[in-house]
Amino acid sequence: MTVTNRTATFVANGRIVLVSLFDSEGLGTSIPPVPRKNGFVGEWTPTVLGDQDVTIEAVYRPVRVIYEQYDGSVVVRDYGQPAPEVLPVEGCVGEWEPFLISDCDIEVRPRYKGPRHTVRLVVEGERVSDVICPRMGFPTLPPVPRVAGYKGYWETYIPKEGVVVVNALYEPLRYDYEMGIGRIVTTYYGDPAPEVPTRQDCKTHWGSTRTSAGDYRMSVRFAFPPVLHGFGEEPDEDIEAENEDAPEEVEEPATEVVPEEAVVKEQAVGPMAVEEPTNATGLQAKSESTVETAAEDASEAVRYNAPEEKAVPGFDDLHREKVRQATEELGFISEHWRTVEEEEQPAPSVNSINLSTDTQEGTEWERLADMLSPLQKEYLMACIGMRGKPSEVLRKYGSTMLIVETGINALAEDLIGDPLLEEGEVDPDYASDIEEVLKDGN
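Residues numbered from 1 in each chain as written. Predicted model: local features only at pLDDT ≥ 70, side-chain atom pairs only at ≥ 80, totals over all residues. Heavy atoms only, no water.

Peer 1: Help me out: how do you make sense of the packing of aromatic side chains in this one?
Peer 2: Two numbers describe a pair of aromatic rings. These are the distance of the centres and the angle of the planes. Counting across every chain of the model gives seven aromatic pairs. Ring centres of Trp-365 and Tyr-430 lie 5.8 Å apart, and the angle between their planes is 55 degrees; on these two criteria the pair is classed as tilted. Taken together, the positions of Trp-365 in helix α5 (residues 360-371) and Tyr-430 in helix α9 (residues 428-438) put the pair 65 residues apart, joining distant regions of the chain. Its relative accessible area of 1% is what places Tyr-430 among the buried residues. One residue, Lys-37, lies across the ring of Phe-40, its end atom 5.0 Å from the ring centre. It is Lys-37 that lies over the ring of Tyr-60; its NZ or CZ is 5.1 Å from the centre. (Phe/Tyr/Trp six-rings, centres within 6.5 Å; stacked < 30°, edge-to-face > 60°. Helix = DSSP H or I, 4+ residues; strand = E, 2+ residues; numbered from the N terminus. Buried < 20%, exposed > 50% of the residue type's maximum accessible area, 1.4 Å probe, protein only. Lys NZ or Arg CZ within 6 Å of the ring centre and 35° of its normal.)

Peer 1: Can you help me understand the sheet that holds strand β7 (residues 74-78) in this one?
Peer 2: Sheet strands pair via backbone hydrogen bonds, and the direction of the pair is either parallel or antiparallel. With mixed pairing, the three strands of this open sheet are ordered in space as β7-β6-β9. Pairing within the sheet leaves two strands with one partner each, and these edge strands are β7 and β9 (106-108). Here the average twist between neighbouring strands, direction ignored, is 25 degrees. Pairing analysis gives five bridges linking strand β6 (residues 64-68) to β7, with the strands arranged antiparallel. Pairing of Ile-66 across the sheet is with Val-76, part of β7. (Pairing = 2+ DSSP bridges. Axes fitted to C-alpha atoms, helices over the stretch in contact; angles between N-to-C directions.)

Peer 1: Even after reading the chapter, I still don't get the nonpolar core, so can you show me in this structure?
Peer 2: Of all hydrophobic cores here, the largest spans 24 residues; its most connected members are Leu-368, Tyr-379, Ile-408, Leu-420 and Leu-421. For this core, the elements supplying multiple residues, two or more each, are α5, α6 (374-383), α7 (390-397), α8 (401-415) and α9. Sorting elements by how many residues they give to this core places α6 first, with six residues. Counting residues in hydrophobic clusters, the runner-up holds 14 residues, among them Leu-18, Phe-22, Val-34 and Val-54. (Core = buried A, V, L, I, M, F, W, Y, C linked by side-chain atoms within 4.5 Å.)

Here it is in structure tokens:
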């Protein structure tokens, strides 16, 4: 890779997120995630890298709220604008489902309350359970059973006396692939993923980050080769074994006069004693006096006249060139890395090509459960209706809602990538995950 002095500076909200060098092969690092901004969707300005330094700004637009009426019609509003009226139904009262605003577009559906009725939940033609709903009340429906690769929700229904069948509806997860700065390719679960952009002397793969809407953001991750045996070359086991078995070469005693400066340079590296011919057993017989003299001379050379650049025996010009190239390739990224304040750094990414929602995240949920305190676990269980009430848990431990929820959300953002609750309300997308991981009370 040819290193140049051209830089790409990523800026969001007036702050530098990352400074990366680039050349004809592209950026030397992954494109950084756009810092989150609640209520806004952020994207990098589409930019083509040329032969000059560039500054890439983050642009934000308001989150769009997609209101879907029960007859299938859709109304789209920016967050902050008034919501449309719910289509009226005779004998019923309707309202929009409650929702939480984050940093991605959301879909909202209506719900209606009317006469007393029974809701029969059906998944793929099979009856799951019956829920009795009182008159002029909203039923408390359980989470939709999870299906890997899909987002599920209960269909909107109109209450009526008797039994009302409500089916589970599923839509495939969406994957947004960052193919370049400001260039996104969108696919759905089951569709083939686009080919990951390649880079010379570097392995690349897709890394995923889950959004609060449940979809995935896919970005290119670089894996630079390990710095081993000549910086980038894997050792040849056969050659190494051959070298280990081969006897060491015996150097003839030097007879010519060597300039004093050259002697100092050689001795500064280490004991460079003249080796004697090998004896009958194959071991080298060295003169003790010669070794002691060389060691003393080397010590004095290091103290008074040791050169800054030491010569390593057997390290030829080819190795030196590899060292220089590897230093340029692996060092220029860290030299130009800039950090931002803690609150502006993005949530950790899930470094996995496996896109199934019930594999990698299962491990993160288990880690979250292990890190929660007894107070935090009980509070979460109370918020999803598993045990008691949130207010009772807070009173039991003598704590406050702000302290408990701040601690839980901080852990969740580190491990899951999103906060879990706000003022006692759990994000519906994560209610089933919380119930599953805390069902045993551990």
